[in-house]
Structure formats: C-alpha cells, structure tokens
Amino acid sequence: MKIVDIKVRNFLTTSRQVKDSDGHSHPGERHKVRQSLLSIVADDGSEGHCFAPPEVVRPHLINGFVRTVLIGEDPLARERLWQGLAHWQRGSTDQLTDRTLAAVELALWDLAGRRFGMPVYQMIGSYRDRVLAYGSTMCGDEMAGGLATPEDYARYAEWLVARGYKAIKLHTWMKPVSFAPDPRMDVKACAAVREAVGADFPLMLDAYHGYSRTDALWLGREIEKLGYAWYEEPMDEFSMSSYAWLAANLDIPVIGPESAHGKFHVRAEWVKAGACDILRTGVYDVGGIGPSLKIIHLAESFGMNCEVHGGGAGNLTLCAVQKNGRWYERGLLHPFLDYDQVPDHLNSIPDPMDEDGYVHLSTAPGLGEDINFDYINANLV
Ligand code: LLH
Ligand code: MG
C-alpha cells in the first residue's frame, strides 16, 4: 500500500461556541464556523480522516511538510511517518506543530482501522470498551444563570449528577472575566459544588493557569480540605520547578503537564523531577496516539496513573487502551449548551454517555467518527 493523495476539505458547520480574548470557549449565538477534514488516500482506495481547525492543516503545512513526508510511503508505517514529520518541526521554524502531527497521525490510524475493518482501540489492544466520564465544565463567565457564581456551579453540578456523571471537574474563572483570577472565588465555587454533591463524589479543579506559587499553594491546601481528587494546571507549566515545589508541599495529587510543549520527553522530565503525581497526555497536545501511548506506558512503568486531556474519538481511544487511567474528559460543558446534540457534520457524536456515566466506544472500523460526508461535500468553502 502507498499513500497517493492528501486532501483537505474546508467546510462550514454550525457552532454555538465563541472564544474569549484568552482563547477560552463560552456559549454564544448559533453561527457558522470553518472546519476542515484531512483525508489521507492510499493506492488501494483506502482512506483515513481526521477533523482539524483550518489553520492546523493550512496549505503551507500540507504542501511543505505533510506531502513531502507521506506521499509514496506505506500508510501503515505510522511510527516512521510520525518520526519523519517530528524531524521537520525544528526546521519549520515552529510552524509545524504537534497539532498538525496529531491530525496526520490520527488520519493514518483511521485509515488502518477502516482498511482492516476494525476499531482502532481494538487494533492497539483494548483494556475496556466503555469508560467513566467526568463532566468538565467550561471556564467561568459573567452570564446570568451561566457559570457566573458559586451557586451557578452548584446548581449545574446537581444537574450533571442527575444526567449520570460520576465525577465533575470545574474550570473556574480566568481572564478576561472582570473579577478573575481570584483564588478565594475558586474556593467558594469548589465548596459550593462539594456541598451540592456530597462528601464522597469525585471532584477535580482546573483553575486559572497563571497563579503565583503562593496563590497556587493556598488554593491547593483549601481544596485538599474539601476532599478534591486532583489539582490541575494552577500555574504556568513552563516552570517545571514550580510544579515540583507545589507537589512536594501538597497531599492532593497534582496532575500535569497538559499544555507544556515537549511531548514524551518533557513528561519523562516531570516524572523524574516529581513535578506531578498523575501524568497527563492528550492526542492534540503531544502529536497523536503513538506518542500518547509512550506517555501512558511511561507513567505505568513508574506506578503512576495518566489521565487523558480532552475529548473526541482519538482521546477516547486512549482511554480504552489503558489500565492506569480512570476517566474520559467529557466537555467542555455549560448549562446553556446541549453537549449531546449532534453537529451538522456528524451523523452521531463519538462519545455517547449512558445514564450510569459510561461513554461507549464505537464498534465501527477506524477511529469512531461517524462523519456526514454528504453534509461536508454540500457545504465546502
Ligand atoms: O483554559 C481552558 O479553556 C481550559 O482549561 C481548556 O484548555 C481545557 O481543554 C482543559 O484544560 N481541560 O482539561
Ligand atoms: Mg486542563
């Protein structure tokens, strides 16, 4: 088998999410947004697909790097092709990011799964075919009845429990919210949610990502008292020493890194430095499923759990092939949005959750995205 074409379809789909000036998602009016579908085509007609933001698969990257490395090569040689792309990153003057590597690698997995008629999580070797989800809220806002007050978080937590979620992670208030960041407000929200869901319900906090060491330590000690299960990204992750210091000073497990660059190399350094108690990976953070498996296995080798960052078919696949992780991150969720609503460009969502809080893996060949090709082809731009 040889790769003969790389296609990018740009299309319009409907969204009800808007980004604030710091890049956090919030509910908004229904509007059209551009989305892309990357497709890798082999000479036997096999195809693999992955959705990506248009800028991640823009022509400069596809023509300059992805085509150069992939065309004429065996699509099953995922490790070699990934290493070939990763090698180009430095010389690309930082244009070729881990996000692009991830889109390509996920499309290669999808191609292999479709070609051999098997879900990717079974090709890797499954550990389970359903995984418990935690409800991951959007960051706080200033919308009446949204996520504007500790009481809003508590009310929404009750709704999430009724929906079936067996754990909840709060993203609290971040800039540009007018009163953020404020660790005292974070504690009020965490306390209100604890009060709403009871003493034994698993709760996690993903607070403002730029607190000082002193604020991060104070906040960590407060949520430790509230019995929270983990403490995520309260400081800039580029300072690994700050996380080693924080983890040494807290009993609550510190989880990370999520946004620090450097793939498995940097995560190995975090383990060695004692900068986290639970490791973290996500397909879009480290360049795909392959590098994420290295990180999951690295954590397992040191007796650590590795929790997967973010949702979608690729991240759900990771959750299905690991023993050392407990949750799937389902979200981001908000009282004004219906997460279960199927987007225009899909026939069904990749992460349906039952009333007991389990997300079930798709049995369809490939990654498990149920793509509405007719819609996409009718809405090209
Ligand atoms: O800052 C945000 O918008 C969220 O923290 C976001 O990055 C989310 O993906 C996250 O951190 N999940 O764990
Ligand atoms: Mg996070």
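### Some remarks on the overall build of the protein chain
Along its length, the protein chain carries 13 helices and 14 strands. Radius of gyration (C-alpha) of the protein chain: 21 Å, near the 21 Å computed for a compact globule of 381 residues. Oriented by its inertia axes, the alpha-carbon framework of the protein chain measures out at about 60 × 45 × 40 Å. Buried residues in the protein chain amount to 56% of all 381 residues.

### Focus: the site of ligand 1
Around ligand 1, the neighbouring residues are H24, C139, K169, H171, D206, H209, E232, E258, R280, H309 and E329. Note that an oxygen atom of ligand 1 is positioned 2.8 Å from one of the side-chain N or O atoms of H24. Between ligand 1 and the protein, one listed contact pairs an oxygen atom with a side-chain N or O atom of E258 at 2.7 Å. Taken by itself ligand 1 offers 320 Å² of open surface, and the protein chains cover 82% of this. Across the shell around ligand 1, the residue classes break down as 1 nonpolar, 4 polar and 6 charged.

### Some remarks on helix 7 (residues 213-225)
An ideal rise of 1.5 Å per residue puts 18 Å on 13 residues; helix 7 measures up with 19 Å between its terminal C-alpha atoms. Turning to helix 7, its buried residues number three or more, namely A216, L217, L219, G220, E222 and I223. Lining the buried residues of helix 7 we find helix 6 (183-197), strand 6 (203-206), strand 7 (230-232) and helix 8 (240-249). G227 sits one or two positions beyond helix 7 and adopts a positive phi of about 75°.

### Some points on the coordination of the magnesium ion (ligand 2)
Ligation of the magnesium ion (ligand 2) by protein atoms is provided by D206 (OD), E232 (OE) and E258 (OE), these donors lying 2.0 to 2.1 Å from the ion. Mapped onto the polypeptide sequence, the residues donating to the magnesium ion (ligand 2) form the spacing pattern D-x25-E-x25-E. With D206 in strand 6 and E258 in the loop between strand 8 (254-255) and helix 9 (263-273), the pair connects residues that are 52 residues apart, well separated along the chain. The exposure classification of D206 matches that of E258, with both residues buried.

### As for the packing of helix 1 (residues 59-70) against helix 3 (residues 98-116)
Orientation of helix 1 relative to helix 3, taken along the N-to-C sense of each, is 45°, at an axis distance of 12 Å. Classified by the angle their axes make, helix 1 and helix 3 are oblique. Where helix 1 crosses over helix 3, the two elements pack in a sense that is right-handed. Note on element contacts: helix 3 touches helix 1 through T100, V104 and L108, opposite L61, V66 and L70. Here the residues of the contact of helix 1 with helix 3 sort into 5 nonpolar, 1 polar and no charged.

### Digging into the environment of G45
Within the secondary structure, G45 is located in the loop between strand 2 (25-42) and strand 3 (47-52). The exposure class of G45 is exposed, given its relative accessible area of 52%. The spacing of G45 and E233 is 188 residues in sequence and 44 Å in space, taken between C-alpha atoms.

### Side note on the packing of helix 3 against helix 11 (residues 289-301)
Following both chains from N to C, one finds helix 3 and helix 11 inclined at 95°, their axes separated by 8 Å at the closest point. Taken together, the axes of helix 3 and helix 11 are roughly perpendicular relative to one another. Listed contacts from helix 11 to E105, L106 and W109 of helix 3 are I289, G290 and P291. Classifying every residue of the contact of helix 3 with helix 11 by side-chain character gives 4 nonpolar, 1 polar and 1 charged.

### As for the environment of P343
Note that P343 resides in the loop between strand 11 (328-333) and strand 12 (346-348). Separated by 129 residues in the primary sequence, P343 and T214 place their C-alpha atoms 42 Å from one another.

### Observations regarding unusual backbone geometry
Peptide bonds are mostly trans, and most non-glycine residues show a negative phi. Cis rather than trans, the peptide bond between K175 and P176 has omega equal to 10°. With respect to the helices and strands, the residue P176 is situated in the loop between strand 5 (168-171) and helix 6. The amide bond that connects G331 to the next residue, L332, takes the cis arrangement and shows omega of 15°. Position of L332 among the secondary structure elements: in strand 11.

### Considerations on the pattern of salt bridges
In a structure, side chains of opposite charge can pair up when their charged atoms sit close to one another. Counted under the stated rule, the structure contains 20 salt bridges. The salt bridge involving D5 is made with R67; its shortest N-O contact spans 3.3 Å. Placement of D5 in strand 1 (residues 3-19) and of R67 in helix 1 is noted, with a sequence separation of 62 residues between them. D5 sits in the partly exposed class, given a relative accessible area of 27%.

### Considering the sheet that holds strand 3
Ordered in space as 1-2-3, the 3 strands form an open sheet in which the pairing is antiparallel. What marks the edges here is a single partner per strand, and that holds for strand 1 and strand 3. Averaged over all pairs of adjacent strands, the angle between their axes in this sheet comes to 15°, without regard to strand direction. Relative to strand 2, strand 1 is paired through 15 bridges, and the arrangement is antiparallel. Bridge pairing in strand 2 places Q17 opposite P27. In the packing of helix 1 onto the sheet, contacts are made with strand 1 and strand 2, and the angle to strand 1 comes to roughly 135°.

Rules and cut-offs
- Residues numbered from 1 in each chain as written.
- Chains lettered and ligands numbered in written order.
- Predicted model: local features only at pLDDT ≥ 70, side-chain atom pairs only at ≥ 80, totals over all residues.
- Heavy atoms only, no water.
- Helix = DSSP H or I, 4+ residues; strand = E, 2+ residues; numbered from the N terminus.
- Rg over C-alpha atoms; globule rule 2.2 N^0.38 Å.
- Buried < 20%, exposed > 50% of the residue type's maximum accessible area, 1.4 Å probe, protein only.
- Near = heavy atom within 4 Å.
- Polar contact = N/O pair within 3.5 Å; in protein donor to acceptor, adjacent residues only side chain to side chain.
- Areas by Shrake-Rupley, 256 points an atom, 1.4 Å probe, with all protein chains shown as cover.
- Nonpolar A, V, L, I, M, F, W, Y, C, P; charged D, E, K, R; others polar.
- Expected span 1.5 Å × (residues − 1).
- Contact = heavy atoms within 4.5 Å.
- Donors = N, O, S within 2.8 Å, 3.2 Å for Na, K, Ca; no water.
- Axes fitted to C-alpha atoms, helices over the stretch in contact; angles between N-to-C directions.
- Parallel < 35°, antiparallel > 145°, perpendicular 65-115°, else oblique.
- Left-handed = near helix turned anticlockwise from the far one by under 90°.
- Salt bridge = Lys/Arg side-chain N within 4 Å of Asp/Glu carboxyl O.
- Pairing = 2+ DSSP bridges.

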